[in-house]
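Residue-level structure breakdown
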Amino acid sequence: MSANAASVRRDGETLAFAGVLDRAAAAALWPQARPLAAGARRFDLTGVASVDSAGLALLAELAAQAPGVAVVGEPAGLAELRAAYRLDDSLGFGR
């Protein structure tokens, strides 16, 4: 597995992501991550190198299945994209 290969795993109430969350990763991870998101209370992004808009879309869609999820970690690109799409700290649309 390459150092940048994206992955997701469930550890208790945490979904832990690793690698680069880009367009290819979002498509590859969606079928695996979707059933893992229900009931998650935390997304751990400390192992993520960077996020692009497709990666953010993946995270936001998963966060919609876990309202109020805490996001830990700030990979490259996340803050800028979250601001551009006006997403709150839980990757939901602010009210």
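Keep in mind that this is a model prediction, so the values were computed, not measured.

So, on to the overall build of the protein. When its secondary structure is counted, the protein shows three helices and four strands. Its helices and strands taken in sequence order, the protein reads β-β-α-β-α-β-α from the N to the C terminus. Against the globule reference of 12 Å for 95 residues, the protein gives a C-alpha radius of gyration of 12 Å, in line with a compact fold. Considering only C-alpha atoms, the protein reaches an extent of 40 × 30 × 20 Å along its principal axes. Sorting the 95 residues of the protein into buried and exposed places 37% on the buried side. Look at the contacts in the protein between residues 6 or more apart in sequence, and 69% of them connect residues 24 or more apart. Surface accessibility of the protein: about 5300 Å² in total, with carbon and sulfur atoms responsible for 51%. The averaged location of the 10 negative side-chain charges in the protein is 5 Å from the averaged location of its 9 positive side-chain charges.

On to the side chain of Arg82. Of note, Arg82 is situated in helix α3 (residues 78–84). The exposure class of Arg82 is buried, given its relative accessible area of 12%. Beyond its immediate chain neighbours, meaning those up to four positions away, Arg82 contacts Leu56, Glu74, Leu87, Asp88, Asp89 and Leu91.

In this section: the sheet that holds strand β4 (residues 70–72). As summarised here, the arrangement of the four strands in space is β1-β2-β3-β4, forming an open sheet in which the pairing is mixed. Looking along the sheet, the strands with just one partner apiece sit at the ends: β1 (7–11) and β4. Within this sheet the neighbouring strands show an average axis-to-axis angle of 20 degrees, counted without direction. Judged from the three bridges that link them, strand β3 (residues 42–51) and β4 form a sheet pairing that is parallel. From the neighbouring strand, Phe43 faces β4, where its bridge partner is Val71. Along the sheet face, helix α1 (residues 23–37) touches β1 and β2 (14–21) and points at about 10 degrees away from the line of β1.

The next thing to look at is the pattern of salt bridges. Evaluated as defined, the whole model comprises four salt bridges. Note that Asp44 is salt-bridged to Arg42, the shortest N-O span being 3.9 Å.

Definitions and cut-offs
Residues numbered from 1 in each chain as written. Predicted model: local features only at pLDDT ≥ 70, side-chain atom pairs only at ≥ 80, totals over all residues. Heavy atoms only, no water. Helix = DSSP H or I, 4+ residues; strand = E, 2+ residues; numbered from the N terminus. Rg over C-alpha atoms; globule rule 2.2 N^0.38 Å. Buried < 20%, exposed > 50% of the residue type's maximum accessible area, 1.4 Å probe, protein only. Contact = heavy atoms within 4.5 Å. Areas by Shrake-Rupley, 256 points an atom, 1.4 Å probe, with all protein chains shown as cover. Lys, Arg positive; Asp, Glu negative; His and termini not counted. Charge placed at Lys NZ, Arg CZ, Asp CG, Glu CD. Pairing = 2+ DSSP bridges. Axes fitted to C-alpha atoms, helices over the stretch in contact; angles between N-to-C directions. Salt bridge = Lys/Arg side-chain N within 4 Å of Asp/Glu carboxyl O.

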